[in-house]
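Descriptive structure summary
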Amino acid sequence: MGACMFGSVRMRAWLGERSGIALGVLLVALCSALRWFGSGEVALVATALLGGLGIAMVQALMPRVIHRCGGTAAASLMGFYTTAIMGGAMAASALSPWVAGAAGWSVALGIWAVPAILAAVV
């Protein structure tokens, strides 16, 4: 994921901030959805790599958007953004075992496509 930071200027010039962030979120959604239907080691590694690329794209582009659009509130917005990332990770790690117990691991891993799709729409 750190490699995307080094290429963020080129990525921003090639895709633009909005399209790059949308593409990153859609990659996360697609990889999560594929986990719902696919199983096995190869599928997990492939979706982890592609989903990680999507996360890296968003992480490389979003801070610049926050800095540019946030004005005097940019520091607070960056804190909120970082807290939201950690809160989402905490919720996913806490809820996934419960979902897996009720519906299986493929559903527990794939269900996270839903909030990613909602984020892409927003």
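Everything here concerns the structure above.
Notes on the structure in this doc start here. (Residues numbered from 1 in each chain as written. Predicted model: local features only at pLDDT ≥ 70, side-chain atom pairs only at ≥ 80, totals over all residues. Heavy atoms only, no water.)

Proximity of charged atoms lets side chains of opposite charge pair with each other. One pass over the full model with this rule turns up 1 salt bridge. R68 is the salt-bridge partner of E17, the closest N and O atoms lying 2.2 Å from each other. Of this pair, E17 sits in helix α3 (residues 17-37) while R68 sits in helix α4 (residues 41-70), and the two are 51 residues apart along the sequence. Accessibility expressed as a relative area gives 46% for R68, which makes it partly exposed. (Salt bridge = Lys/Arg side-chain N within 4 Å of Asp/Glu carboxyl O. Helix = DSSP H or I, 4+ residues; strand = E, 2+ residues; numbered from the N terminus. Buried < 20%, exposed > 50% of the residue type's maximum accessible area, 1.4 Å probe, protein only.)

Aromatic ring pairs are reported here in terms of the distance separating the ring centres and the angle at which the planes meet. Counted under the stated rule, the structure contains 1 aromatic pair. Centroid distance W36 to F37: 6.4 Å. Interplanar angle 20°. Geometry classified as stacked. A residue is classified by how much of its surface remains accessible, and F37, at 72% relative accessible area, is exposed. (Phe/Tyr/Trp six-rings, centres within 6.5 Å; stacked < 30°, edge-to-face > 60°.)

At a closest axis distance of 8 Å, the pairing of α3 and helix α7 (residues 113-121) adopts a crossing angle of 155°. Looking at the two axes, α3 sits roughly antiparallel to α7. Considering how the two elements wind past one another, α3 and α7 form a crossing that is left-handed. Residue-level inspection shows V25, L26, V28, A29, S32 and A33 of α3 in contact with α7, the latter providing A113, A116, I117, A119 and A120. Partitioned by chemical class, the residues of the contact of α3 with α7 number 10 nonpolar, 1 polar and no charged. (Axes fitted to C-alpha atoms, helices over the stretch in contact; angles between N-to-C directions. Parallel < 35°, antiparallel > 145°, perpendicular 65-115°, else oblique. Left-handed = near helix turned anticlockwise from the far one by under 90°. Contact = heavy atoms within 4.5 Å. Nonpolar A, V, L, I, M, F, W, Y, C, P; charged D, E, K, R; others polar.)

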